[in-house]
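For reference, the chains in residue letters:
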Amino acid sequence: MSDARTFRAPGRVNLIGEHTDYNLGFVLPIALNLDTRIRTSPSLDSFLHVHSAAHGETCSVPVAGIDSLTPQGHWSDYIFGVAFQLRALGFDIPALNLHVESTVPEGAGLSSSAALEVASALALLQGRQLDRLELARLCQRAESYFVGMPCGIMDQYVSVFGREHAATKIDCRSLESEAVPLPDGLAIIAVNSMVKHSLGQSAYRERVAECAEAAKALGVASLREATLERLAGVPMSRAARLRARHVISENLRVEHFVEAARAGDVSRMGQLFLNSHDSMRYDYEISCAEIDFLVEAAARLPGCHGARMTGGGFGGCTVNLVAEQSVPAFAEAIKDAYMAYSGRCPAVIPCVPAPGACEIRQNT
Ligand code: ADP
Ligand code: MG
């Protein structure tokens, strides 16, 4: 009988609602069939040892020293940040070995970071109870305050609350969510551009600040409360106006996309994808040439209803709505086109909605 336990948490693909979460708006992600798994066993000293198979590296800290940890700009920050936040809620951190393995590509916009945080929280809790919403919020705090990325709640929320057979519409103000089943015969395909421009992190912070500036000029607590009519009449910087226009229109697109999905109107869903992409490209200014190429090439392919960038921006993945019977031809054609354009082979990733984080129980 071994003391080993295994915990998993999924990555996600966001269908629509980009950069709306930290503006307390709407998002529509699905938790993915790709996940991060952490195998735990008691450590024989008083240390927490964390090993990432992907990085081939182990980091160790004494459990007694977790309260005084500071971020090191290293992958282990995501785990130690969660440990730090658990301590702040009064949980003891047991001396453990954590072995991390993941099928979520890192830095591709499919949220390997939240998958790592949520799996780490379950691993460190070792079955101790924590309200699921508190779990998501704790992981968001780990990323915002320890890692130093001022992210919204979407990634951690859907990694905790994801469900099979449906997307999850999240109201990032009330923190309530609902299942949004997708039309039959429609496949969700992520295409990884295999590029990540370094601009990403600083631009993210800049966008957060510009949205705050716009909300302040509009006299609202968050851009969730703003309207396009009001935006037209209030003076502010050009950047703040463009960012606000993206966020306000993107929130409306999430609502329209959900209506279209419920009505089985795939061509409207596809058009909303393309509109969302244009808004990210021209108003939020977070796209890049490789991603624009993938979106435009996909939109011309038979059976593809629409495409857009997904995730924080400046590279990573596009998400595509493709008729199921067209998927093999779509995959081949988008690979050929992108190879010819960039010399890189894109990963084509079928996205199947998967349940939220849990312990994996062995039968033996
Ligand atoms: P995304 O969440 O879109 O994948 P982020 O930049 O937010 O991109 O998070 C990626 C970072 O998360 C990696 O650079 C690494 O520090 C950390 N990370 C994610 N998965 C793992 C893993 N399996 N092992 C170690 N670090 C990981
Ligand atoms: Mg991330």
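Quick notes on the rules
Starting from 1, residues in each chain are numbered consecutively following that chain's sequence as written. To label them, take the chains in the order written and letter them from A, then take the ligands in the order written and number them from 1. Residue-level local features of this predicted model are given only where pLDDT is at least 70; pairs of side-chain atoms are given and counted only at 80 or more, and the full residue set underlies all totals for whole chains, interfaces and linings. Hydrogen atoms and water are omitted, and side-chain values are computed over all heavy atoms in the structure. The secondary structure listing takes helices from DSSP runs of H or I that are at least 4 residues long and strands from runs of E that are at least 2 residues long, numbered from the N terminus. Note on definitions: a residue-residue contact is assigned when non-hydrogen atoms from the two residues lie within 4.5 Å. With residues, only the protein chains shown are counted as cover, and all accessible areas are computed by Shrake-Rupley using a 1.4 Å probe. Lys and Arg are tallied as positive, Asp and Glu as negative. Neither His nor the chain termini are counted. Where a charge lies is defined by one atom per residue type, namely NZ (Lys), CZ (Arg), CG (Asp) and CD (Glu). Source of the domain bounds: an automatic or database domain assignment. We define buried area as the total accessible area lost by two parts upon association, computed with a 1.4 Å probe and summed across both. Whenever Lys or Arg places a side-chain nitrogen within 4 Å of a carboxyl oxygen from Asp or Glu, that contact is recorded as a salt bridge. Counted as a polar contact is a pair of N or O atoms within 3.5 Å, where, for protein atoms, one must be capable of donating a hydrogen and the other of accepting one, and residues adjacent in sequence contribute only when both atoms are in side chains. Polarity classes work like this: nonpolar for Ala, Val, Leu, Ile, Met, Phe, Trp, Tyr, Cys and Pro, charged for Asp, Glu, Lys and Arg, and polar for all others, with Gly in that last group. Put simply, the grid is 1 Å and covers the protein atoms alone, a cavity is a trapped set of points that fit a 1.4 Å probe, a pocket is an open set with protein on both sides within 12 Å along at least five of seven lines, and lining residues have an atom within 4 Å of a point. Grid points are joined across faces, edges and corners, and a volume is the space filled by probe spheres set on the points. Put simply, a residue is near a molecule or strand once any heavy atom of it comes within 4 Å of that molecule or strand. Pocket or cavity membership: a molecule qualifies when more than half of its atoms sit within 2 Å of the grid points of that site. Note: two strands are recorded as paired if DSSP finds a minimum of 2 bridges between them. Helix axes use the C-alpha atoms of the stretch in contact, all axes being lines fitted to C-alpha atoms, and the angles between their N-to-C directions lie in the range 0 to 180 degrees.

A. Highlighting the overall build of the chain. A tally of helices and strands in the chain yields 10 helices and 13 strands. Residue pairs at least 24 apart in sequence account for 71% of intrachain contacts in the chain once pairs closer than 6 positions are excluded. Of the accessible surface of the chain, which amounts to about 15000 Å², a share of 52% is contributed by carbon and sulfur atoms. Averaged over its 32 positive side-chain charges, the chain has a centre that lies 3 Å from the centre of its 40 negative ones.

B. Structural context of the domain arrangement of the chain. On domain assignment, one finds that the chain holds domain 1 (5-180 + 354-360) and domain 2 (182-350). Across the boundary between the two partners, domain 1 contributes 34 residues, which contact 41 residues of domain 2. Interface area, domain 1 with domain 2, both sides summed: about 3100 Å², of which 62% is carbon and sulfur. The largest contributions to the domain 1 side of the interface with domain 2 come from Ile16, Glu18 and His19, which together make up 21% of the buried area. Put simply, domain 1 and domain 2 have 5 salt bridges between them. Among the ionic pairs, Glu255 bridges to Lys169, the shortest N-O distance being 2.9 Å. Scanning the region where domain 1 abuts domain 2 turns up 21 residue pairs in polar contact (both at pLDDT 80 or more). Going through the elements one at a time, strand 1 (5-14), strand 2 (26-27), strand 3 (29-42), strand 7 (167-171) and strand 8 (176-180) are the ones with two or more residues in the side of domain 1 that touches domain 2. Taken together, the residues that form the side of domain 1 that touches domain 2 break down as 17 nonpolar, 11 polar and 6 charged.

C. How the structure looks around the layout of surface pockets. Empty space within the largest pocket amounts to approximately 1100 Å³. Along the wall of the largest pocket there are 48 residues; nearest its centre are Tyr78, Gly107, Ser112, Ser113 and Glu143. Those elements that place two or more of their residues in the lining of the largest pocket are helix 1 (76-88), strand 6 (96-102), helix 2 (112-125), helix 3 (132-147), helix 4 (154-161) and helix 5 (200-218). Examining the composition of the lining of the largest pocket, we find that 4 residues originate from one element, helix 5, more than from any other. For the lining of the largest pocket, the residue count by class is 17 nonpolar, 21 polar and 10 charged. Counting the residues that make up the lining of the largest pocket, at least three belong to each of domain 1 (5-180 + 354-360) and domain 2 (182-350).

D. Fine view of the site of ligand 1. Among the 16 residues in the neighbourhood of ligand 1, the closest are listed as Ser52, Gly107, Gly109, Ser112 and Ser113. Gly109 is positioned with one of its backbone polar atoms (N or O) 3.1 Å from an oxygen atom of ligand 1. For ligand 1, an oxygen atom lies 2.6 Å from a polar atom in the side chain of Ser112. Bound to the protein, ligand 1 loses 81% of the 560 Å² it would expose on its own. Judged by its atoms lying within 2 Å of the grid points, ligand 1 is housed in the largest pocket. Contributing elements (two or more residues each) for the shell around ligand 1: strand 6 and helix 2.

E. Focus on the sheet that holds strand 3. The strand order 5-4-6-3-1-13 describes an open sheet built from 6 strands, whose pairing is mixed. Strands with a single pairing partner mark the edges of an open sheet, and in this sheet they are strand 5 (57-62) and strand 13 (358-360). Geometrically, the sheet is characterised by an average inter-axis angle of 25° between neighbouring strands, direction not taken into account. Alignment of strand 1 against strand 3, held across 9 bridges, turns out to be antiparallel. When the sheet's bridge partners are listed, Thr6 is paired in strand 3 with Arg39. Sheet contacts for helix 1: strand 4 (47-52), strand 5 and strand 6; angle to strand 4, the most-contacted strand, approximately 145°. Where helix 4 meets the sheet, its contacts fall on strand 1 and strand 3, and the angle it forms with strand 1 comes to roughly 125°.

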